[in-house]
Amino acid sequence: MEEHVTPEPIMQLGMAFWGSKTLLSAIELDVFGALAKGPRNGATLARDLGLHERSARDFLDALVALGMLDREGGGHYANTVETGLFLDRTKPSYVGGLLEMANARLYPFWGSLTEALRTGEMQNEAKGGDDFFGTLYQSPERLKQFLGAMTGVSMGAAMAIAEKFPWDRYQQVIDLGAAQGCVPVQVALRHPHLSGGGFDLPLVGPVFEEYVASFGLGDRLRFFPGDFWNDPFPDAEVYVLGHILHDWNLEEKHTLLRKSHDALPEGGALIVYEAIIDDERRVNAFGLLMSLNMLIETPGGFDYTGADCSSWMRQVGFRETYVEPLAGPDSMVVGIK
Ligand SMILES: C[S@@+](CC[C@H](N)C(=O)[O-])C[C@H]1O[C@@H](n2cnc3c(N)ncnc32)[C@H](O)[C@@H]1O
């Protein structure tokens, strides 16, 4: 065997779920919230978190070794700069919504990945049926958790869209399938001349309105209740479809793109954003894994490349399209009517 060839990368990836689940449980137990008030010694922290004496030391030191906690002299544990900023639920910079849902839902459902790979069937609470959102939203807790998770997954992209898109050319924006309204909120905060809102299933309304009101934007951003498949889209010069197309099969993707195109005025724009896969399908591992997540979560959804999306946009009539990287694994594909 060649000297520089080691099984290390294989073993690291194969056992990555140990570290991942340790972090997800730490978020569930609110370790980072407990330490937001300041460093604590192990015994006090273990007692406050309700940890068994057998688990506490290994759990907390594993978080240190994983770079999620610091341990100071005298055995006091503390948040790192990143976990203090992003995993303390009381801060607006909290990004744990997606990770809370990953812990509560995706982690057990991904245990059935092999079955999904063999059958092509979704493996979540809607398994055996065909209505993911209807099933998910039967529980008000799951509805809230899911919509909060969407804000977690979209925040980086939303801030980049607010910065990079030429908003000065437009007056109104509607986010189609807006969840809490992460994108319209970030865009409206940065561009005071814009108004509009979010279109989503009626059950989502109160969660959208509460989130928008928490930023004092209730006078500029409205909720429009409706169903993609049965209701007209509200008028706007810019539509946003974020993490929507990947929920649906190819025919449904086409329907949403065509409906958006037809409802826009001449010169209007459609922004599609998510973890758009690179055209060679080699680099954006997160985008490719997101597509497997859609296999677990939806009856027919899948992620796609920028070239795929541009060609679908052209097919439904958009005269100009471009792909622009946003933040991390996310890009936007913009279509101009
Ligand atoms: C994956 S989430 C994306 C949320 C948000 N755009 C984001 O990226 O953060 C999909 C959204 O589509 C909404 N949705 C699902 N089916 C819908 C339908 N038939 N009509 C309108 N909205 C729908 C869901 O309620 C949810 O808010």
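Each value, and the rule that gives it
Residue indices begin from 1 for each chain and proceed along its sequence in written order. Per-residue local features of the predicted model are confined to residues with pLDDT of at least 70, and side-chain atom pairs are confined, for both listing and counting, to 80 or more; whole-chain, interface and lining totals are unaffected and use all residues. The basis for every side-chain value is the complete set of heavy atoms in the structure, and neither hydrogens nor water enter the calculation. Helix numbers and strand numbers start at the N terminus; a helix is a DSSP run of H or I with at least 4 residues, a strand a run of E with at least 2. Radius of gyration means the value over C-alpha atoms here, while the globule rule gives 2.2 Å times the residue count to the 0.38 power. Only protein chains enter the calculation, and the probe is 1.4 Å; a residue is then buried if its accessible area is under 20% of its type maximum, exposed if over 50%, and partly exposed in between. Note on contacts: a residue pair is in contact if any heavy atoms of the two residues lie within 4.5 Å. Here the open area of atoms and residues is found with the Shrake-Rupley method and a 1.4 Å probe, where only the protein chains shown may cover a residue. Definition of nearness: a residue and a molecule or strand are near each other if at least one heavy atom of the residue lies within 4 Å of the molecule or strand. In the analysis that follows, any N or O atom pair within 3.5 Å is treated as a polar contact, provided that within protein one partner can donate a hydrogen and the other can accept it, and provided that, for residues neighboring in sequence, both atoms belong to side chains. Asp, Glu, Lys and Arg are counted as charged, while Ala, Val, Leu, Ile, Met, Phe, Trp, Tyr, Cys and Pro are counted as nonpolar; the rest, among them Gly, fall into the polar class. At least two DSSP bridges between two strands are needed for those strands to be called paired. Axis geometry follows a simple rule: fit a line to the C-alpha atoms, using only the stretch in contact for helices, then measure angles between N-to-C directions, giving values from 0 to 180 degrees. To form a nonpolar core, buried Ala, Val, Leu, Ile, Met, Phe, Trp, Tyr and Cys residues must be joined to one another through side-chain atoms within 4.5 Å. An automatic or database domain assignment supplies the residue ranges for each domain. With respect to orientation, any angle under 35 degrees is reported as roughly parallel, any angle over 145 as roughly antiparallel, any angle of 65 to 115 as roughly perpendicular, and every other angle as oblique. A crossing counts as left-handed when the near helix is turned anticlockwise from the far one by less than a right angle, and as right-handed when that turn is clockwise. Between 30 and 60 degrees the pair is tilted, below 30 it is stacked and above 60 it is edge-to-face, where a pair is any two Phe, Tyr or Trp rings, Trp via its six-membered ring, whose centres lie within 6.5 Å.

Draft legend 1. Broad picture of the overall build of the chain. Looking only at helices and strands, the chain has 15 helices and 10 strands in total. Taken against the 2.2 N^0.38 rule, which gives 20 Å for 337 residues, the C-alpha radius of gyration of the chain at 22 Å falls within 12% of a compact globule. For the C-alpha atoms alone, the extent of the chain along its principal axes is close to 65 × 55 × 40 Å. By the burial criterion, 49% of the 337 residues in the chain qualify as buried. When contacts within the chain are restricted to residue pairs at least 6 apart in sequence, those whose partners lie at least 24 apart make up 67%. Carbon together with sulfur atoms contributes 55% to the accessible area of the chain, which is approximately 16,600 Å² in total.

Draft legend 2. Spotlight on the site of the ligand. Taken together, 21 residues lie near the ligand, and Tyr137, Ser154, Gly177, Asp200 and His243 sit nearest. Between glycine 177 and the ligand, the recorded distance is 2.7 Å, taken from a backbone N or O atom to a nitrogen atom. Separating a nitrogen atom of the ligand from a backbone N or O atom of phenylalanine 228 is a distance of 2.8 Å. With the chains in place, 97% of the 590 Å² that the ligand exposes on its own is no longer accessible. With 4 residues, the top contributor of residues to the shell around the ligand is helix α10 (residues 140-164). Across the shell around the ligand, the residue classes tally to 13 nonpolar, 5 polar and 3 charged.

Draft legend 3. Inspection of the sheet that holds strand β8 (residues 269-274) at higher detail. The 7 strands are arranged β6-β5-β4-β7-β8-β10-β9 in an open sheet whose pairing can be described as mixed. The open sheet terminates on both sides in strands that have one partner only, identified here as β6 (221-225) and β9 (320-325). For this sheet, the mean inter-axis angle between neighbouring strands, taken without regard to orientation, is 20 degrees. Relative to β8, strand β7 (residues 238-242) is paired through 5 bridges, and the arrangement is parallel. Looking at β8, one finds that tyrosine 239 is bridged to leucine 270.

Draft legend 4. Structural detail: the nonpolar core. Membership of the largest hydrophobic core comes to 76 residues, with the highest contact counts inside it found for Phe146, Phe165, Trp167, Leu257, Leu270, Ile271 and Val272. Counting residues per element, this core draws most heavily on α10, which supplies 12 residues. Excluding residues within four positions of it along the chain, valine 272 makes contact with Leu241, Leu245, Leu257, Tyr304, Cys309, Met313, Ser331, Met332 and Val333. Judged by nonpolar contacts, the second largest core, of 19 residues, contains Val31, Leu49, Ala56 and Phe59.

Draft legend 5. Summary view of the domain arrangement of the chain. Examined at the domain level, the chain breaks down into domain 1 (8-86) and domain 2 (153-336). A separation of 36 Å is found between the C-alpha centroids of domain 1 and domain 2.

Draft legend 6. Region of interest: the packing of α10 against helix α12 (residues 205-213). Close contact between α10 and α12 brings their axes to 10 Å; oriented N to C, the two are set at 45 degrees. Viewed along their axes, α10 and α12 adopt a mutual orientation that is oblique. In this structure, the crossing between α10 and α12 has a hand that is right-handed. Contact residues: α10 offers Leu143, Lys144, Leu147, Thr151 and Met155, while α12 offers Val207, Glu210 and Tyr211. A breakdown of the residues in the contact of α10 with α12 according to their chemical character gives 5 nonpolar, 1 polar and 2 charged.

Draft legend 7. Representation of the packing of aromatic side chains. Tallied over the full model, the rule gives 18 aromatic pairs. Relative to phenylalanine 223, the ring of phenylalanine 208 lies with its centre 5.4 Å away and its plane at 50 degrees, an arrangement referred to as tilted. Residue phenylalanine 208 is located in helix α12, and its partner phenylalanine 223 is located in strand β6; the two are separated by 15 residues in the primary sequence. On the basis of relative accessibility, which here comes to 9%, the residue phenylalanine 223 falls in the buried class.

Draft legend 8. Highlighting unusual backbone geometry. The phi dihedral of aspartate 30 is positive, around 60 degrees, even though this residue is not glycine. Although it is not a glycine, alanine 179 adopts a positive phi angle of roughly 55 degrees. If you trace the backbone, alanine 179 turns up in the loop between β4 (172-176) and α11 (182-190).

Draft legend 9. Here's a closer look at α11. A large share of α11 lies buried, amounting to 7 of its 9 residues. Those residues of α11 that fall on the buried side of the exposure criterion are Cys182, Val183, Pro184, Val185, Gln186, Val187 and Ala188.

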